Amino acid sequence: MKVYEKDQKVKVTFKVNGKEVETEVEPRRLLVHVLRDLGFTGVHIGCDTSNCGACTVLLNGKSVKSCTLLAVEADNSEITTIEGLAKDGKLHPVQEAFWDKHALQCGYCTPGMIMQSVWLLKENPNPTEEEIREGISGNLCRCTGYQNIVEAIKTAAEKLRLDQPLYQRQ
Ligand code: FES
Ligand code: FES
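Every value quoted in this text rests on a predicted model; they were computed, and no experiment measured them.

Engineer: Where do I start with helix H3 (residues 110-123) in this structure?
Structural biologist: Count 3.6 residues to each turn of an α-helix, and residues three or four apart come out pointing the same way. If you check H3, its first and last C-alpha atoms are 20 Å apart, about what 14 residues at 1.5 Å a residue would give, namely 20 Å. The buried fraction of H3 is high, at eleven of 14 residues. Along H3, the residues classified as buried are Thr-110, Pro-111, Gly-112, Met-113, Ile-114, Met-115, Gln-116, Ser-117, Val-118, Leu-120 and Leu-121. In the core, the buried residues of H3 are packed alongside strand S3 (56-59), strand S4 (62-65), strand S5 (78-80), helix H2 (93-100), helix H4 (129-135) and helix H5 (147-163).

Engineer: Mind showing me how you'd approach the environment of Lys-122 here?
Structural biologist: Note on placement: Lys-122 falls in helix H3. Taking C-alpha positions, Lys-122 is 9.8 Å from Lys-62, a pair spaced 60 residues apart along the chain. Ignoring any residue separated from it by four or fewer positions in sequence, one finds Lys-122 in contact with Leu-58 and Gly-61.

Engineer: Would you mind going over the packing of H3 against H5 with me for this structure?
Structural biologist: How two helices pack is summed up by the angle between their axes together with the distance between the axes. It is at 11 Å that the axes of H3 and H5 come closest, and there the two elements cross at 45°. The angle between H3 and H5 places the two elements in the oblique class. The element H3 and its partner H5 pack so that their crossing is right-handed. Residue-level inspection shows Met-113, Ser-117, Leu-120 and Leu-121 of H3 in contact with H5, the latter providing Ile-149, Ile-153, Ala-156, Ala-157 and Leu-160. Here the residues of the contact of H3 with H5 sort into eight nonpolar, one polar and no charged.

Engineer: Looking at this model, I keep getting lost on the packing of H2 against H5. Mind explaining?
Structural biologist: Running from amino to carboxyl end, H2 crosses H5 at an angle of 140°, the nearest separation of the two axes being 8 Å. With respect to H5, the axis of H2 lies oblique. In the crossing of H2 with H5, the sense of the turn from one axis to the other is right-handed. Between H2, through Pro-93, Val-94, Glu-96, Ala-97 and Phe-98, and H5, the contact on the second element is made entirely by Ile-149, Ala-152, Ile-153, Thr-155, Ala-156, Lys-159, Leu-160 and Asp-163. Residue composition of the contact of H2 with H5, by class: nine nonpolar, one polar and three charged.

Reading the values: the criteria
- Residues numbered from 1 in each chain as written.
- Chains lettered and ligands numbered in written order.
- Predicted model: local features only at pLDDT ≥ 70, side-chain atom pairs only at ≥ 80, totals over all residues.
- Heavy atoms only, no water.
- Helix = DSSP H or I, 4+ residues; strand = E, 2+ residues; numbered from the N terminus.
- Expected span 1.5 Å × (residues − 1).
- Buried < 20%, exposed > 50% of the residue type's maximum accessible area, 1.4 Å probe, protein only.
- Contact = heavy atoms within 4.5 Å.
- Axes fitted to C-alpha atoms, helices over the stretch in contact; angles between N-to-C directions.
- Parallel < 35°, antiparallel > 145°, perpendicular 65-115°, else oblique.
- Left-handed = near helix turned anticlockwise from the far one by under 90°.
- Nonpolar A, V, L, I, M, F, W, Y, C, P; charged D, E, K, R; others polar.

The structure is reproduced here in structure tokens:
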């Protein structure tokens, strides 16, 4: 186990959205704050008790609430934030579907909701409505009433399945 001095800064390295990032942090510093300080301000903070999911990012391919992880714990990991989803200005199918289906209003929950949806569709490419609702139950939204978010995820699922080679489709 590593032991740190109080106030000691520690060097951490992540790959964020495919780019190496190196920074120095106090061991108590939460990943969400470090990501935001590094400029990834699409990662939001909506609570202080790990309920809301506005801070959701992918860490080594898994969805995590970055407010409930220390930056030092994420040392040497690969992180994807909402800023890393579009490729050369082309929206990811989940982003496109949120636009098409009006799945956001204030937009504050949206980055976390989209990252969670991306993870969900990787885990389960053809989810039922119930599985979608269960899959995003760690992500709260004050504005939409969720219905259009569910529609968007269904639409994105279809699009992603069609983008797969025939032999891999479910
Ligand atoms: S900020 Fe609410 S769960 Fe992370
Ligand atoms: S769109 Fe406002 S909280 Fe979800």
